Amino acid sequence: MKYKNEFIVGRKLFSYILIGLVVSIGLVCLLFGPGGLPSVVIEHGGGGGGIDDGSDPVFSGVIHRDFDDMFEDQDHNPDVPKSIPVCDMQYSELIPCLDRNFIYQMKLKLNLSLMEHYERHCPPSYRRFNCLIPPPIGYKVPIKWPESRDEVWKANIPHTHLAEEKSDQNWMVVNGDKINFPGGGTHFHNGADQYIASLARMLKFPAEKLNDGGNIRNVLDVGCGVASFGAYLLQHQIIAMSLAPNDVHENQIQFALERGIPSTLGVLGTKRLPYPSRSFEMVHCSRCRIDWLERDGILLLELDRLLRPGGYFVYSSPEAYAHDEANRRIWTAMSDLLKRMCWRIASKHRQTVIWAKSLTNSCYSKRFPGTHPPLCSLDDDSDESWNVPMKACITPYSSKMHQERGSGLVPWPQRLTSVPPRLEEIGIGSDEYLKDTEMWNFRVAAYWKQMKSVTHRNSFRNIIDMKSNLGGFAAALKDKDVWVMNVAPVNESSKLKIIYDRGLLGTVHDWCESFSTYPRTYDLLHAWSVFSDIEEFGCSTEDLLIEMDRILRPNGFVIIRDKPHVINYIRKFLSALQWDDWISEVEPRIDALTSGEERVLIASKKMWEEDTETM
């Protein structure tokens, strides 16, 4: 734009000239502003906020813009919503990447016999739900741990099909407005505690303690049902990742998480489970209805990848004890396969058999040439697990691998703070590791002090650390009655092996996508530099905030530690998200982990009103 100022200079008094100059300068300042150029706000596509064509408000989202282009004052920024739509009640249990309705609508060509329909299939950006997931009608604040192990509110998970289907197996019982969990299971009708003691006796562990003096710490429970096995392991200082798909046995994992038991949705299908190699001392399958012989034993080979040297596979199923022809045929074939995998029977009693994985590579070298399954190639990264196809091969130990039972780890609880043997594999020194542990002790103590006025002793049970690094945040909570799902972002997945070496649980995940859990399953979400990271990948901050709201329980808390401009941006959405029940923001002290200026924002999610309008 051009502006022209004309001045008539004649034979007049000099004062007229000065007046003209002052007026001209004033006009220039008025038109162009103090910076010399007009301000422009540039629209940013982000990670997909949906297409706002006015046809379907469920898929029309908030407008995404760059952090630096946002005004500090929300009243002068119409692009930050004062409210976010609420989804229709039919989406109350939505898991976006495990949504079978989406699979049917998109007509995805999946192999049902390989369980591909239970694996993750995330919607594209234009299909994302940019609305808040409502709780079911009558939702109550969940019963606190440890009482929640044995009972939950029926209104929070209004599904009773399992109670009817498994009525003879003591899984769960409907009792008025609550659902009770007596601790039973398909192969332990008399209670998980007695079943656990029987396993310890089978393995001849001292004092019938399945933890074997702290040497058994991490367990994977495949096909876990409502996770009563994992629930009763906790009193033995054993922590289980209880795993089951979102299948016809409706809401198993939702019940488990409502109870406060470590668990996650997942399936042994075509892809590796999202855990590094040698993560578990024991894998458990009680009538998990898995065809272990399919595809050359590829599912058993996945368990082989996950087990530590000398680790155990506990199998309670008719194939282990029934004498009919069909089960005997399966047992013979399965035994032959496991023998070729160099597993041995450690114990067998009644309905249960326990196999032990080989301690060394020596058995593999003694097999006949051409024996199947073969060894995996040397260039195969056995720790890579995000969207990686399973492989029908045996994962041998590396030459540097500790060959002692349990990978050379010290017993629990010393394992939590001792320097992990695999630390050198990710290029981190012991001094850096110990400093990380120390710094997170200080940080977590500061968080709890900041929340002291609004929390109680049992306010939290299920916690997610959205960027777990070396597990320092979870380790700092060792004296709290909580469990932490440690999440390693895909670009830091190698660090997850340190989480498991410490005796903790975790998973790999890409926060540009939705997490594999039901709505309202976590009490506390901790996000350290997560938003800065996804910004670098071009993903949407708004999408992640809405996803965090989906998995956060009402009255739950978020702790977001990030750069000041990120915190300033997120703060504008707190009211729209209804995370403004309690808010605190501080500038933390600089420590050895600080790479730049940071702020800590803590907010609490409101309990929604019954008449919250849905769409």
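To be clear, the structure that these remarks concern was listed above.
Residues numbered from 1 in each chain as written. Predicted model: local features only at pLDDT ≥ 70, side-chain atom pairs only at ≥ 80, totals over all residues. Heavy atoms only, no water.

(A) Layout of the pairing of strand E17 (residues 599–604). Burial within E17 is extensive, with five of its six residues counted as buried. Examined bridge by bridge, strand E16 (residues 582–586) and E17 share five bridges and lie antiparallel to one another. The residue bridging Trp582 from the neighbouring strand is Ser604, located in E17. (Buried < 20%, exposed > 50% of the residue type's maximum accessible area, 1.4 Å probe, protein only. Helix = DSSP H or I, 4+ residues; strand = E, 2+ residues; numbered from the N terminus. Pairing = 2+ DSSP bridges.)

(B) Spatial organisation of the pattern of salt bridges. Enumeration over the complete set of coordinates arrives at 34 salt bridges. Here Asp501 and Arg422 are joined by a salt bridge, their closest N and O atoms 3.0 Å apart. Here Asp501, found in helix H12 (residues 496–501), pairs with Arg422, found in the loop between helix H9 (362–365) and helix H10 (430–451); they are 79 residues apart in sequence, far enough to count as distant. The class for Asp501 is buried, based on a relative accessible area of 1%. Exposure remark for Arg422: the relative accessible area of 5% places this residue in the buried category. With a closest N to O distance of 2.9 Å, Glu425 and Lys497 form a salt bridge. Here Glu425, found in the loop between H9 and H10, pairs with Lys497, found in helix H12; they are 72 residues apart in sequence, far enough to count as distant. In this structure Glu425 comes out as partly exposed when scored by relative accessible area, which is 41%. When salt bridges that share partners are traced, they join Glu281, Arg308, Arg415, Arg422 and Asp501 into one network. (Salt bridge = Lys/Arg side-chain N within 4 Å of Asp/Glu carboxyl O.)

(C) Summary view of the packing of aromatic side chains. Counted under the stated rule, the structure contains 23 aromatic pairs. Seen from their ring centres, Phe188 and Phe229 are 6.5 Å apart, and the 45 degrees between their planes marks the pair as tilted. In this pair, Phe188 is assigned in the loop between strand E3 (178–180) and helix H4 (192–202) and Phe229 in helix H5 (residues 228–233), connecting sequence segments 41 residues apart. Relative to Trp355, the ring of Tyr315 lies with its centre 6.2 Å away and its plane at 45 degrees, an arrangement referred to as tilted. Here the residue Tyr315 occupies a position in strand E8 (residues 307–316), and Trp355 occupies one in strand E10 (residues 352–356), the gap between them amounting to 40 residues. (Phe/Tyr/Trp six-rings, centres within 6.5 Å; stacked < 30°, edge-to-face > 60°.)

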